[in-house]
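# Architecture at a glance
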Protein chains: 2
Amino acid sequence: MNKTELKFVHNFLYNLSKESRNITLNGFAKVTKEFDYKYDSSPVTKYDIQAEKKLRNLIIKNFPNHNVYGEEIDNIYNSSDYTWIIDPIDGTKSFLIGRPLWGTMIGLIEKNNPIIGLVDFPALDQVWLGDGSKCYFNKKKINFNISQNFNLSKSNVASTDPSMFGDRGLKKYNEIISISKNNFWSGDCHNYILLISGSLDAVIEENLKPYDILPLIPILNAKDIIVTDWQGKKLKFNFHKNINYKVIASKNTKLHNEILNVIND
Amino acid sequence: MNKTELKFVHNFLYNLSKESRNITLNGFAKVTKEFDYKYDSSPVTKYDIQAEKKLRNLIIKNFPNHNVYGEEIDNIYNSSDYTWIIDPIDGTKSFLIGRPLWGTMIGLIEKNNPIIGLVDFPALDQVWLGDGSKCYFNKKKINFNISQNFNLSKSNVASTDPSMFGDRGLKKYNEIISISKNNFWSGDCHNYILLISGSLDAVIEENLKPYDILPLIPILNAKDIIVTDWQGKKLKFNFHKNINYKVIASKNTKLHNEILNVIND
């Protein structure tokens, strides 16, 4: 993708997130603003699907030859090198109960590699975009560098929920907790952003779908956050394979290797 | 306390939270806005203590004869029937890593009973106040009634962290999880507010200090949320006893009794 095309995609992604917010915030507002206490899981699906339909239609209109891969609706395969990946509401459980940490994720994959990604937190009015080399927060480029050289015992680690791990994975993650400074449960996509903006140092998860993680990679890589699977390999997308990713995202190589050693011990 | 005094306390609490925000948001902004990646646990203590000092000074100035009981600084006992309870940053761990769910809690106790409480979420710009009969969100009275008659299998339950439970407590809470519809970790004081504003139905915790829970009670009781210890008894304050509370807060009697039965089985 050349520079002009990439610039177009940047703006297109911002427009997508704006359109999506109009739908998702409407559903979230029911919980936090109108105090609709009868709220249950069905409206969540409704807002998820409405948002994904809206995003798909805009993508198909602007990039009719690309592939589309989403959480809620059947995928579209056009034999293109480019695939759009959509998760209208990552952190559905948070959305459901009124925690503002859920996000909308949209990423563009070239062949097997995520090249640009956006994550929007509508309830926090925060949008992140990254293309592997540059990272933007609320459309403003972030210039600092976060790489540091510390180890697991000084690290704050996070993972969304114990129930997302398999038995062996949970055992290994509990080992990580026991070595780390602090552990934080819950958070979904928000945890990954806290690797850049906050004091989280590593996020470790199992059983993630492509739309749960791939849009984040170009954002994280742009700020030198390392993202690999539990073998230390890059996460690759394959349209035709149903992959569950095991993920380690961390702030520096020393920490990353230490986590890999614990997990593969 | 008569009506005029109570009205004065309402406004006084709002003023306290405003003053506290000036200090705490300054610390939190470092994480989320200025991306100070060198942020560690020491500044948290600094903002905690600064905020508590500010709140104490305002309380002492306005109510020189009352007692004051806080998280960070030595308590003041004046043999008064009234005790102010302060937690400048509840959810310090969230504050530390950049999750916006931390809150400032301030409550007034008459003898052993919390009679008015405020919880402020500076990063969300949300303030809750309750006096046992009336509940206000961002200074606006909430008029709906949330009481419903459902059981644990249809309920969303939450607790801040597995590590806050003792062995027996964690075993019991895991039983609760297995029966419930969904479980949510993390959240601190924000979980209790989601009993009113969101789809959380019960919050269960062990090892809470007076400032972690008592300011919430007049807010929750005003909206018919039931709050008891694990024996089903009301939570009582005692200035001279170091009490660790075990708490169940839930939306209706049926659910509350079911939880009590599981926990005391």
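Residues numbered from 1 in each chain as written. Chains lettered and ligands numbered in written order. Predicted model: local features only at pLDDT ≥ 70, side-chain atom pairs only at ≥ 80, totals over all residues. Heavy atoms only, no water.

### Section: helix α8 (residues 253–263) of chain A
Owing to its 3.6 residues per turn, the α-helix aligns residues three or four sequence positions apart on the same side. Residue and element names in this part refer to chain A. Just so we agree on the cut-off: When accessible area is computed with a 1.4 Å probe and restricted to protein chains, residues below 20% of their type maximum are described as buried, those above 50% as exposed, and intermediate ones as partly exposed. Secondary structure follows DSSP: runs of H or I at least 4 residues long count as helices, runs of E at least 2 residues long count as strands, and numbering of each begins at the N terminus. The arc under discussion is defined with respect to the helix axis, by the directions toward the C-beta atoms. Residue contacts follow a heavy-atom distance rule, with two residues in contact if any of their heavy atoms lie within 4.5 Å. In the analysis that follows, any N or O atom pair within 3.5 Å is treated as a polar contact, provided that within protein one partner can donate a hydrogen and the other can accept it, and provided that, for residues neighboring in sequence, both atoms belong to side chains.
Turning to α8, its buried residues number three or more, namely Leu255, His256, Ile259, Leu260, Val262 and Ile263. The arc that holds the buried residues of α8, viewed along the axis, is 165°, so those residues lie on one side. Facing away from the buried surface of α8 by more than 90 degrees, the exposed residues are Thr253 and Asn261. On its buried side, α8 packs onto α4 (167–179), β10 (202–208), β11 (226–228) and β12 (245–250). Between the side-chain oxygen at the start of α8 and the backbone nitrogen of lysine 254 there is a gap of 3.0 Å, and the oxygen is on asparagine 252.

### Focus: the interface of chain B and chain A
Just so we agree on the cut-off: Accessible area that two parts lose when put together, with a 1.4 Å probe and added across both, is what the buried area reports. Salt-bridge detection follows one rule: a side-chain nitrogen of Lys or Arg within 4 Å of a carboxyl oxygen of Asp or Glu.
Taken together, the contacts link 37 residues of chain B with 37 residues of chain A. Together chain B and chain A conceal approximately 3,300 Å² of surface at their shared face, both sides included; 62% is due to carbon and sulfur atoms. The interface formed by chain B and chain A holds 0 salt bridges in total. The interface formed by chain B and chain A contains 10 residue pairs in polar contact (both at pLDDT 80 or more). Mapped by element, the contributors of at least two residues to the side of chain B that touches chain A are α1 (3–32), α3 (92–97), β9 (182–185) and α5 (189–197) of chain B.

### Here's the deal with the domain arrangement of chain A
Residues and elements named next belong to chain A. Using the following cut-off: Domain ranges listed in this record stem from an automatic or a database domain assignment.
The domain architecture assigned to chain A consists of domain 1 (3–141) and domain 2 (152–263). Of note, the centres of domain 1 and domain 2, computed from C-alpha atoms alone, are 21 Å apart. Contacts between the two partners involve 42 residues from domain 1 and, on the opposite side, 27 residues from domain 2. With both sides pooled, the region where domain 1 packs onto domain 2 buries about 2,600 Å², and carbon together with sulfur makes up 71% of that total. Broken down residue by residue, the surface that domain 1 buries against domain 2 is led by Tyr69, Met105 and Trp128, which jointly contribute 21%. Taken together, the connections running from domain 1 to domain 2 amount to 5 residue pairs in polar contact (both at pLDDT 80 or more). Listed by contribution, the elements that provide at least two residues to the side of domain 1 that touches domain 2 are β1 (67–70), β2 (82–90), α3 (92–97), β3 (103–110), β4 (113–121) and β5 (126–130).

### Some words on the pattern of salt bridges
Pairs can form between side chains of opposite charge whenever their charged atoms are close. Counting across every chain of the model gives 15 salt bridges over all chains. Lysine 54 of chain B is the partner of glutamate 19 of chain B in a salt bridge, and the nearest nitrogen-oxygen pair spans 3.8 Å. Of this pair, glutamate 19 of chain B sits in helix α1 while lysine 54 of chain B is found in helix α2 (residues 41–62), placing the two residues 35 residues apart along the sequence. The partly exposed category is assigned to glutamate 19 of chain B, whose relative accessible area is 30%. Taking the relative accessible area as the measure of exposure, lysine 54 of chain B reaches 33% and is therefore partly exposed. As a salt-bridge pair, glutamate 52 of chain B and arginine 56 of chain B come within 3.1 Å of each other at their nearest N and O atoms. Residue glutamate 52 of chain B and its partner arginine 56 of chain B are located together in helix α2, separated by 4 residues, close to a single helical turn. Given the relative accessible area of 5%, arginine 56 of chain B is considered buried. Linked by salt bridges that have partners in common, Arg21, Asp120 and Asp125 of chain A make up one network.

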